[in-house]
Amino acid sequence: QVQLVESGGGLVQAGGSLRLSCAASGGTFRSYNMGWFRQAPGKEREFVAAIRSNNGTYYAESVKGRFTISRDNAKNSVYLQMNSLKPEDTAVYYCAGNRRVLVHTPRAYDYWGQGTQVTVSS
């Protein structure tokens, strides 16, 4: 069983930056694909970024060029560097893990953190 704990959320002005962290425990972290998703009030959870166990990365079009996902297997952690933040990035951000082929859909993930709130003011 894998446990995931996110941190690093907060309130930031538009154009600012935040770095989210997700610490994993209870599994072989390096064997997992890791994803970041977000959910705004009244909306479905949506894909933000993913990094495979082989370090291949994927991004939603809405964040490409602004967000960067990375992982540190020695620290059992995955990160999301968010730059040039916009008010529409406001959401609860979740990290998730799987060992499946799909990485873009929430249904493909077996393990989830509790989420961290990101609020971008205009």
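Look above for the structure.
Sequence order as written defines the numbering, with residues in each chain counted from 1. Confidence filtering applies because this is a predicted model: local features only for residues at pLDDT of at least 70, side-chain atom pairs given and counted only at 80 or more, and all residues used for totals across whole chains, interfaces and linings. Water and hydrogen atoms were dropped before computing side-chain values, which therefore reflect all heavy atoms in the structure.

Trainee: When you look at the sheet that holds strand β1 (residues 3-7) in this model, what are you seeing that I'm missing?
Mentor: Two strands in a sheet stick together by hydrogen bonds in their backbones, pointing the same way (parallel) or opposite ways (antiparallel). Should DSSP find at least two bridges between two strands, the strands are regarded as paired. Under the scheme used here, helices are H or I runs from DSSP no shorter than 4 residues and strands are E runs no shorter than 2 residues, and both carry numbers assigned from the N terminus. Ordered in space as β1-β3-β8-β7, the four strands form an open sheet in which the pairing is antiparallel. Of all strands in the sheet, those bounded by a partner on one side alone are β1 and β7 (67-72). Mean inter-strand twist for the sheet, computed between neighbouring axes without regard to direction, equals 15°. Across six bridges, strand β3 (residues 18-25) lies against strand β8 (residues 77-82) in antiparallel orientation. Bridge pairing links serine 21 to tyrosine 79 in β8. Angles shown run from 0 to 180 degrees and are taken between the N-to-C directions of axes, each axis being a line fitted to C-alpha atoms and, for helices, limited to the stretch in contact.

Trainee: Which parts of the structure should I look at to understand the packing of aromatic side chains?
Mentor: Centre-to-centre distance and the angle between the planes together describe a pair of aromatic rings. Each aromatic pair joins two rings of Phe, Tyr and Trp (for Trp, the six-membered one) with centres within 6.5 Å, and gets the label stacked for planes under 30 degrees apart, edge-to-face for over 60, and tilted for any other angle. Scanning the model with the defined rule gives six aromatic pairs in all. Taken together, a centroid distance of 5.8 Å and an interplanar angle of 70° make the contact between phenylalanine 37 and phenylalanine 47 edge-to-face. In this pair, phenylalanine 37 is assigned in strand β4 (residues 33-39) and phenylalanine 47 in strand β5 (residues 46-51), connecting sequence segments ten residues apart. Accessibility assignment for this pair places phenylalanine 37 and phenylalanine 47 in one class, buried. Measuring from ring centre to ring centre gives 5.1 Å for phenylalanine 37 and tyrosine 109, while their planes differ by 75°; the resulting arrangement is edge-to-face. Exposure is judged per residue with a 1.4 Å probe applied to protein chains only, and the accessible area is read against the type maximum: over 50% gives exposed, under 20% gives buried, and values in between give partly exposed.

Trainee: What's the story with the nonpolar core in this structure? I'm lost.
Mentor: Think of a nonpolar core as a cluster: buried Ala, Val, Leu, Ile, Met, Phe, Trp, Tyr and Cys residues, connected wherever their side-chain atoms sit within 4.5 Å. Formed by 35 residues in total, the largest nonpolar core has its most connected members in Trp36, Leu80, Met82 and Tyr93. Looking at this core, the elements with two or more residues in it are β3, β4, β5, β7, β8, β9 (91-98) and β11 (116-121). With five residues, the top contributor of residues to this core is β5. Whether two residues are in contact is decided by their heavy atoms, any of which lying within 4.5 Å being enough. Not counting residues up to four positions away in its chain, the partners in contact with leucine 80 are Leu18, Arg19, Leu20, Trp36, Val48, Ala49, Phe67, Thr68, Ile69 and Tyr93.

Trainee: I tried to follow the state of the cysteines on my own but got confused; where do I start?
Mentor: Each disulfide is one covalent bond, formed between the sulfur atoms of two cysteines. The criterion for a disulfide is a pair of cysteine sulfur atoms lying within 2.5 Å. The final tally for this structure, using the stated rule, is one disulfide. The partner cysteine of cysteine 22 in its disulfide is cysteine 95, sulfur to sulfur 1.9 Å. Judged by the sign of its S-S torsion, about 40°, the cystine formed by cysteine 22 and cysteine 95 is right-handed. Of this pair, cysteine 22 sits in strand β3 while cysteine 95 sits in strand β9; the two residues are 73 residues apart in sequence, bridging distant segments of the chain. The class of cysteine 95 is buried, set by a relative accessible area of 0%.

Trainee: What am I meant to see in unusual backbone geometry here?
Mentor: With the exception of glycine, the majority of residues adopt a negative phi angle, and the majority of peptide bonds are in the trans configuration. The backbone of asparagine 55 shows a phi angle near 75°, a positive value even though the residue is not glycine. Mapped onto the elements of the fold, asparagine 55 is located in the loop between β5 and β6 (57-59). You will see that asparagine 76, though not glycine, has its phi angle at about 50°, which is positive. Positionally, asparagine 76 belongs in the loop between β7 and β8. By relative accessible area, asparagine 76 is classed as partly exposed at 29%.

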